[in-house]
Amino acid sequence: MNTIASLGIGEIGYISEGALEHIPLKLLEMGCLPGAEVELIQIAPLKDPIYICVNGSHLAIRKETASQIQILKSEF
Amino acid sequence: MAKNDIKVALIGNPNTGKTSLFNQLTGLTQKVGNYPGVTVDKKKGTCKLSATQNAVITDLPGTYSINPTSIDESIVLKTLLKKDIKESPDVILVVADVENLKRNLLLFSQIKDLEIPTVLAINMVDQMSRKGISIDLTALKEELNTEVVLISARKNKGIRNVKDAIIKCHVAAKASPMCDANYKIDPEYFDKLKAINPNFSLYELWLMVTQKNFPAAISKKEKAQLLSFNKDVSRLKKYQHKETIYRYQEINKVLKKTYIVDKSKATDLRSKFDKVFTHKIFGYLIFFAVLLLIFQSIFDWSSLPMDLIDTTFAELSDFARNNLPGGILSDLIVEGIIPGIGGVIIFIPQIAILFLFVAVLEETGYMSRVVFLMDKIMRRYGMNGKSIIPLISGTACAIPAIMATRTISSWKERLITILVVPFTTCSARLPVYAILISLIIPNTKIFGFYNLQAFTLLMLYALGFVTAILAAYILQKTLKIKSNSFFVVEMPNYKLPSIKNVALDVLEKTKAFVFGAGKIILALSVVLWFLASNGPASFKNAEENVTNNVENRQLSATELQQKIGSAKLENSYIGIMGKTIEPAIKPLGYDWKVGIAIITSFAAREVFVGTLATIYSVEAEDENTTTIKEKMRSEINPETGKQRFNFPAGMSLLVFYAFAMQCMATLAIVKRETKTWKWPLIQLFGMTGLAYVCSLIIYQILS
Ligand SMILES: Nc1nc2c(ncn2[C@@H]2O[C@H](COP(=O)(O)OP(=O)(O)OP(=O)(O)O)[C@@H](O)[C@H]2O)c(=O)[nH]1
Ligand SMILES: [Mg+2]
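Quantities reported herein were computed from a predicted structural model and do not represent experimental measurements.

Trainee: Residues and numbers for the overall build of chain B, please.
Mentor: Across its full length, chain B carries 32 helices and eleven strands. When the backbone C-alpha atoms are referred to their principal axes, chain B occupies close to 105 × 60 × 55 Å. The contacts in chain B between residues at least 6 apart in sequence include a share of 74% that link residues at least 24 apart. Put simply, chain B has 83 plus and 60 minus side-chain charges, and the middle of one group is 9 Å from the middle of the other.

Trainee: Go over the site of ligand 1 with me, naming the residues and quoting the values.
Mentor: Residues and elements named next belong to chain B. Lining the immediate surroundings of ligand 1 are 26 residues, of which Lys18, Thr19, Ser20, Val38 and Thr39 lie closest. Note that an oxygen atom of ligand 1 is positioned 3.3 Å from one of the backbone N or O atoms of Gly62. Backbone polar atom of Arg154 to an oxygen atom of ligand 1: 3.2 Å apart, as the coordinates give it. No other element matches helix 1 (residues 18-26), which puts three residues into the shell around ligand 1. Here the shell around ligand 1 is built from residues that sort into seven nonpolar, 14 polar and five charged.

Trainee: I'd like a rundown of the pattern of salt bridges, residues and numbers included.
Mentor: By the definition in use, this model includes 28 salt bridges over all chains. As a salt-bridge pair, Arg379 of chain B and Asp48 of chain A come within 2.8 Å of each other at their nearest N and O atoms. Taken together, the residues Arg379 of chain B in helix 17 (residues 366-380) and Asp48 of chain A in the loop between strand 2 (37-43) and strand 3 (50-54) connect one chain to another. A relative accessible area of 7% means that Asp48 of chain A is categorised as buried. A salt bridge links Asp274 of chain B to Arg369 of chain B; the nearest nitrogen and oxygen atoms lie 2.8 Å apart. A residue pair is termed long-range when its members are at least 10 positions apart, and Asp274 of chain B in helix 12 (residues 269-277) and Arg369 of chain B in helix 17 qualify at 95 residues. Summarising the burial analysis for this pair, Asp274 of chain B and Arg369 of chain B share the class buried. Ionic contacts of the salt-bridge type, sharing partners, join the residues Asp41, Arg406, Arg414, Arg672 and Glu673 of chain B into one network.

Trainee: I'd like a description of the coordination of the magnesium ion (ligand 2), backed by residues and values.
Mentor: Residues and elements named next belong to chain B. In the first shell of the magnesium ion (ligand 2), the protein supplies Thr19 (OG1) and Thr39 (OG1), at 1.9 to 2.0 Å from the metal. Placement of Thr19 in helix 1 and of Thr39 in the loop between helix 1 and strand 2 (43-48) is noted, with a sequence separation of 20 residues between them. Pair check on accessibility: Thr19 and Thr39 agree, each one buried.

Trainee: Hey, could you go over the nonpolar core for me, with residue numbers and the actual values?
Mentor: Counting residues in each nonpolar core, the largest one holds 115 residues, and the members touching the most others are Val420, Leu457, Phe608, Met632, Phe645 and Leu653 of chain B. Excluding residues that lie within four positions of it along the chain, Phe608 of chain B makes contacts with Val432, Val594, Ala597, Ser601, Met632, Leu653 and Tyr657 of chain B.

Trainee: Explain the sheet that holds strand 3 (residues 54-59) of chain B to me, using residue names and the numbers behind them.
Mentor: Residues and elements named next belong to chain B. Strands sit in the order 2-3-1-4-5-7 across an open sheet of six strands; the sheet is mixed. Of all strands in the sheet, those with a lone pairing partner are strand 2 and strand 7 (147-150), marking the two edges. Strand-to-strand, the axes of this sheet are offset by a mean angle of 25°, without reference to chain direction. With five bridges connecting them, strand 1 (residues 6-12) and strand 4 (residues 91-97) associate as parallel partners. Bridged to Ala9 within strand 4 is Ile92. In the packing of helix 3 (residues 101-113) onto the sheet, contacts are made with strand 1, strand 4 and strand 5 (118-123), and the angle to strand 4 comes to roughly 165°.

Trainee: Account for the environment of Leu452 of chain B, with residues named and values stated.
Mentor: Residues and elements named next belong to chain B. Positionally, Leu452 belongs in helix 22 (residues 452-478). Between the alpha carbons of Leu452 and Lys44 there is a distance of 47 Å; along the sequence they are 408 residues apart. Not counting residues up to four positions away in its chain, the partners in contact with Leu452 are Ile441, Pro442, Thr444, Lys445 and Ile446.

Trainee: Go over the interface of chain B and chain A with me, naming the residues and quoting the values.
Mentor: With 40 residues of chain B in contact, the opposing surface of chain A contributes 32 residues. For the chain B and chain A pair, buried surface summed over both sides reaches about 3,100 Å², with 61% attributable to carbon and sulfur atoms. For the chain B face of the interface with chain A, the top three residues by lost area are His241, Phe372 and Val488 of chain B, together amounting to 20%. The interface formed by chain B and chain A includes three salt bridges. Ranked by residues supplied to the side of chain B that touches chain A, first place goes to helix 17 of chain B with seven residues. Taken together, the residues of the side of chain B that touches chain A break down into 13 nonpolar, 13 polar and 14 charged. As paired elements, strand 4 (residues 57-61) of chain A and strand 11 (residues 488-490) of chain B share three bridges and run antiparallel to each other. Residue pairing across strands places Leu59 of chain A opposite Glu490 of chain B, the latter belonging to strand 11 of chain B.

What counts, and where the lines are drawn
Each chain has its residues counted from 1, following the order in which its sequence is written. Following the order in which they are written, the chains are lettered starting with A and the ligands numbered starting with 1. With the structure being a predicted model, the display of local features is reserved for residues of pLDDT at least 70 and the display and counting of side-chain atom pairs for 80 or more, all residues being used for whole-chain, interface and lining totals. For side-chain calculations, the full set of non-hydrogen atoms in the structure is used, while hydrogens and water are omitted. In DSSP terms, a helix is any run of H or I states spanning at least four residues, a strand is any run of E spanning at least two, and both are numbered starting from the N terminus. When checking whether two residues touch, look at their non-hydrogen atoms; a contact exists if any pair is within 4.5 Å. The charged-residue count follows a simple rule in which Lys and Arg add positive charge and Asp and Glu add negative charge, with His and chain termini not counted at all. In plain terms, the charge of a residue is placed at NZ if it is Lys, CZ if Arg, CG if Asp and CD if Glu. The criterion for a residue being near a molecule or strand is simple. One of its heavy atoms has to lie within 4 Å of it. Whenever two N or O atoms come within 3.5 Å, that pair is a polar contact, provided that in protein one can donate a hydrogen and the other can accept it, and provided that, for residues adjacent in sequence, both atoms are side-chain atoms. Throughout, the ten residues Ala, Val, Leu, Ile, Met, Phe, Trp, Tyr, Cys and Pro are labelled nonpolar, Asp, Glu, Lys and Arg are labelled charged, and all others, Gly among them, are labelled polar. The rule for a salt bridge is simple: a side-chain nitrogen of Lys or Arg has to be within 4 Å of a carboxyl oxygen of Asp or Glu. Only protein chains enter the area calculation, which uses a 1.4 Å probe; residues under 20% of their type maximum are buried, those over 50% are exposed, and those in between are partly exposed. In this listing, donors mean N, O and S atoms no farther than 2.8 Å from the metal, or 3.2 Å for Na, K and Ca; water is missing from the atoms, so a site can look incomplete. Among the buried residues, those of types Ala, Val, Leu, Ile, Met, Phe, Trp, Tyr and Cys that are joined through side-chain atoms within 4.5 Å form a nonpolar core. For two strands to pair, DSSP has to find at least two bridges joining them. Axis definition: a line fitted to C-alpha atoms, limited for helices to the stretch in contact. Angles are taken between N-to-C directions and run from 0 to 180 degrees. Buried area: the sum, over both parts, of the accessible surface (1.4 Å probe) that disappears when the two are put together.

From the geometry alone we can't say anything about function, so treat these as descriptive.
Structure representation (structure tokens):
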């Protein structure tokens, strides 16, 4: 199963519709919505946290959170 | 505050320019910086909206929504929930960043649903063309049913329009909900909620349920009813999620008609910079290089102005001595006040340089990249990536740094950060370090280019940081507090620092340093001088005893004068006090004069040098005035016949100042933020105990 944590640098995914309940409210409010495009911009030197761009927000989140959010690797 | 003043609250996402706008409106100079979480407390100011109408503006911390997860965000919730009717705002001024309007409108939609009159100010419009953004303002006003103004707080554009919009909005006093999101989710459920107290808007009631936070106007019975909605937690959570999705759908509809981004026109420097600044090797290398540069500059750029100040004060003393009529008052000025104040003023160049670098880093957006680089490391030691901001801003002063921990949502991580922040080398330690380093470390180059003194200073800062981390590790293992660690940080755009913001920041902080320390040293130098030039019977006989002593017969006139000076000082009140504590500090390599300086340092560390300057001036009965550094260099330890501030004693003092908790103001703030005396007391005894033991070991090994 693909999650945001499984993206490589520069890769893009789309948050799947089924992910809604697993997204923390705070992230949802910051624009991590189902269907949104997520780009992984950078992974921190110690492999955690990661730096993503979603819905125009540039966010740093931890792997632990990212691995809860399922994505599809290409748009359908 | 006059009765008919309009109460305006500034609310918006973090880093959207609320404080910049606040400063423009009120003429105040609150701190502005390019990272989320600069403002962590309320601040009020007044503003003239028109010839007849004034407003009281409240600047608030930034927040992404009104569902708070940290202390700074909950301040916004409390303001909105009308906890105190006198404080509740008449008009809300929502400040949004034009570049991320969609996300900013989420908070806006929540506030609209609270049915408070709202004005929307879209900030940073100076960036629009660079980002390829265009807005149909008339349509947007219509769609949102709100006064909307485009502004640039940094360039002071559109401020007039903001004022007009506030007045217009206040007069119309219309407040319609934007989407009433809740009704769309489950009408039946929310009808029941609304029935509890129809005087409140539905969204207010919903917030009371989800946040368990109640205004005074809610009765006991109503409170119980509201709480009964809180039983089904999973349902609450589901509805909150649905609500957010629904709001975004509505916002998308609005923006589709009014907000266009042409990506082909956008320039994207951010990703290019980020590739370098957050790179796995370059990222840390750059961070380290920046630090090296700062410390080199602190020594290199400051040596000339510092020497100038030092000699100026020495000459000032001379001038005063020669021109004032003799007597107690002029003694006080020449021996007490001038050297004491000089001991503070002399450090302005170094401190200003440090503040300059920190302000520039804060304005560029680099701080958030450091947060990103450090989170993993900080987490391992019981803190949070966000803890790095207090640890860095603590180089100015621990007090704002402790306030800055309010953005950390986990209580355990926040408490640990508060407890270890005072290990960060604050600007009050810088004077002590600088003068001791210049006395005990030779001014040579290492690795062919780097100043050894600057390197030593860097090592002392590193010592503070490493100790903070180790202390955090111990606290993490010993504190039995459960709390969830969560981490989401927004990475702001890189910006060229605004010269005005940087200059103001440096000026404000330097002023605070000079006046804060100046006031204390002024009072202290009077007390010190009095205690040093008066004493019991033995003081009055000191001169006679020295002159009559057979051993002293062969001494020259100046040597005799010196002996008399020392004897008098030793028998003065302060000498007696110092001698009493001397046994406790002697094993660390200090004499009683240093001991007195350490004691006065508990009021504020930066008075260390000023205190010594005053004591030494009283002692030197001769007419030659020397600079502070010279006085310290020529101080002799009578037992060894060598310099008082030699390498072992100097190192021991450096370590003592690195670790000891010598700041009352910090203790008071820790008490306020943790709400108990337990933690500040642990800091006081823990840190000072550590300082004593380490200095003891260092001195005993080195000497
Ligand atoms: N380009 C541009 N930058 C701006 C403008 N207004 C503010 N800024 C910059 O945006 C950054 C954030 O400004 P602040 O006023 O501290 O923002 P804030 O909303 O008070 O931030 P928090 O207190 O952290 O919530 C600073 O670097 C400002 O210089 C503007 O109109 N244009
Ligand atoms: Mg602010």
